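Below are the chains, spelled out letter by letter.
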Amino acid sequence: MTGTLLKAGPMTVTIGVDIGGTKIAGGLVDLDGMVLARARRDTPARSSDGIVVAIIEVVGDLIVAAREAGLTAPAAVGLGAAGLVDETRSIVRFAPNVDWLEEPLGPQVAAGCGLPVVVENDANAAAWGEFRYGAGRGAHTAVCVTVGTGIGGGIIHQDRLVRGSYGMAGEFGHVVRVPEGRLCGCGKRGCWEQYASGNALLRVARELAAERRSEAGILLALGDGTPEGVTGQQVTVAAREGDPVALDAFALIGDNLGSGLADVAALLDPEVFVIGGGVSEAGDLLLIPARAAFEANLVARDHRPIARVVSAELGNDAGLVGAADLARDLTA
Ligand code: BGC
């Protein structure tokens, strides 16, 4: 890290902040996509004002970190927001899992921190981060699917981020996969994110643990002993330790993820799917069943190249690294 700090020069450092349903993670990022310093806060999910305050604090911490490291002050801020961002890249129009409605996030954060701010959908930012610096490098057409509180999507087509006409392309999490299915935070029923997100994983693990308590010993022992006391992280830990219930929860969520990827491939035919977000840190627990279901459901699978399905190389940093890089647009 010290070497990177020495290399960073004027205008080369920007701030990226990934604002998710559970945490706000910021980083000071250089031209090589290296994260030189970090700051984070929990997301005050039911308070849009609280979120703005927390973002400004994260940015403030990173400005101080840059100063302490002897770097030129960061030139701009990129925010990756878990919601539908308008085409001017400043307003979050709507967010299914965060308390945002017509939220002027860009101007509010800019006023609070005194730097130019660009707002991007969190999964778009992650897709861009992976395309520039991670698992999507070298691909010209890539799709990033983030599996966290919800499901996000980012599309790279011919080396460009696809935003759509109104800034809202790639909302894969809200494609209906189960007609009349579970109620989604967006108000519709049966959305993909109700079946293949981190929230879905936790729900399924709790349900299975309640039905099969005697098999869920490892999982239940990690929490307070009740199915409701189980956390998402614990499902991953238990699955790694061989808990059959946690493994079945991953198998089901991976299956739902992979069959949905086949639908995305029918629409976009990417070279590679990069799977990011917090749940992707479970690696093969998620990816092996996802790949199997993807291939099983892919249209004309014996007559086409099969897209790779890989983990985000930048892991959970993809969103903040991508947002920081997109903020360079403001400094050009
Ligand atoms: C939102 C997306 C977001 C995704 C991941 C979805 O519920 O609609 O905008 O990218 O969650 O955070």
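Since the structure is predicted, the reported quantities are computational estimates derived from the model, not experimental observations. (Residues numbered from 1 in each chain as written. Predicted model: local features only at pLDDT ≥ 70, side-chain atom pairs only at ≥ 80, totals over all residues. Heavy atoms only, no water.)

1. Side note on the overall build of the chain
Along its length, the chain carries eleven helices and 13 strands. Seen through its principal axes, the chain has C-alpha atoms that stretch 55 × 50 × 40 Å. Among the 332 residues that make up the chain, the fraction classed as buried is 55%. Surface summary for the chain: the accessible area is close to 13,800 Å², and the carbon and sulfur share equals 53%. (Helix = DSSP H or I, 4+ residues; strand = E, 2+ residues; numbered from the N terminus. Buried < 20%, exposed > 50% of the residue type's maximum accessible area, 1.4 Å probe, protein only. Areas by Shrake-Rupley, 256 points an atom, 1.4 Å probe, with all protein chains shown as cover.)

2. Focus: the site of the ligand
In the vicinity of the ligand there are 13 residues, among which Asn121, Asp122, Glu171, His174 and Glu193 approach most closely. A distance of 3.0 Å separates an oxygen atom of the ligand from a polar atom in the side chain of asparagine 121. The separation between an oxygen atom of the ligand and a polar side-chain atom of glutamate 193 is 2.6 Å. Within the complex, 94% of the 310 Å² of free accessible area of the ligand lies under protein. Secondary-structure elements contributing two or more residues to the shell around the ligand are helix H4 (122-133) and strand S10 (151-157). For the shell around the ligand, the residue count by class is five nonpolar, five polar and three charged. Two domains share the shell around the ligand, each providing at least three of its residues, namely domain 1 (14-128 + 317-331) and domain 2 (138-313). (Near = heavy atom within 4 Å. Polar contact = N/O pair within 3.5 Å; in protein donor to acceptor, adjacent residues only side chain to side chain. Nonpolar A, V, L, I, M, F, W, Y, C, P; charged D, E, K, R; others polar. Domains from an automatic or database assignment.)

3. Comments concerning the pairing of strand S8 (residues 117-121)
Extensive coverage of S8 is indicated by the burial of five of its five residues. Of the two faces of S8, the one carrying Val117, Val119 and Asn121 and the one carrying Val118 and Glu120 are both buried.

4. Quick word on the packing of aromatic side chains
Using the criterion set out here, one finds two aromatic pairs in the structure. With centroids separated by 5.2 Å and ring planes inclined at 45°, the aromatic side chains of tryptophan 128 and phenylalanine 131 adopt a geometry described as tilted. In this pair, tryptophan 128 and phenylalanine 131 are both assigned in helix H4, three residues apart and thus about one turn of the helix distant. As far as the burial class goes, tryptophan 128 and phenylalanine 131 line up, both buried. (Phe/Tyr/Trp six-rings, centres within 6.5 Å; stacked < 30°, edge-to-face > 60°.)

5. Let's talk about the environment of leucine 220
Following the sequence through the fold, leucine 220 ends up in helix H7 (residues 217-222). On the basis of relative accessibility, which here comes to 9%, the residue leucine 220 falls in the buried class. Sequence spacing of leucine 220 and valine 230 is ten residues, and the spatial spacing of their C-alpha atoms is 6.8 Å.

6. Some thoughts on the state of the cysteines
What the rule picks out here adds up to zero disulfides. Free cysteine cysteine 184: the closest other cysteine sulfur is in cysteine 186, separated by 3.8 Å. (Disulfide = S-S within 2.5 Å.)

7. What about the sheet that holds strand S12 (residues 272-276)?
Read from one edge to the other, the open sheet built from five strands follows the order S11-S10-S9-S12-S13, with strand pairing classed as mixed. Looking at the sheet topology across the chains shown, the edges are occupied by strand S11 (160-161) and strand S13 (308-311). Where S12 lies against S13, four bridges are found, and the strand directions are parallel. Bridge pairing links valine 272 to arginine 308 in S13. The strands that helix H10 (residues 284-297) touches are S12 and S13; relative to S13, the one it contacts most, it runs at about 165°. (Pairing = 2+ DSSP bridges. Contact = heavy atoms within 4.5 Å. Axes fitted to C-alpha atoms, helices over the stretch in contact; angles between N-to-C directions.)

8. Points about the side chain of aspartate 86
As for its placement among the helices and strands, aspartate 86 is situated in the loop between strand S5 (84-85) and strand S6 (92-94). Discounting chain neighbours no more than four positions away, the residues touching aspartate 86 are Ile91, Arg93, Tyr166 and Gly167.

9. Notes on the domain arrangement of the chain
Interfaces are often sized by the accessible area lost when the parts come together. Domain assignment breaks the chain into domain 1 (14-128 + 317-331) and domain 2 (138-313). For domain 1 and domain 2, the distance between their C-alpha centroids amounts to 25 Å. With 20 residues of domain 1 at the contact, the number on the domain 2 side is 23 residues. Counting the surface lost from both domain 1 and domain 2, the interface buries some 1,600 Å², and carbon and sulfur atoms represent 59% of this. Run the count over domain 1 and domain 2 and you get one salt bridge. Of the charged contacts in the structure, one is a salt bridge between glutamate 120 and arginine 163, with a shortest N-O distance of 2.6 Å. Put simply, domain 1 and domain 2 have three residue pairs in polar contact (both at pLDDT 80 or more) between them. Every element with two or more residues in the side of domain 1 that touches domain 2 is listed here: S5, S6, S8 and H4. For the side of domain 1 that touches domain 2, the leading source of residues is H4, giving five residues. (Buried area = accessible area lost by both parts, 1.4 Å probe. Salt bridge = Lys/Arg side-chain N within 4 Å of Asp/Glu carboxyl O.)

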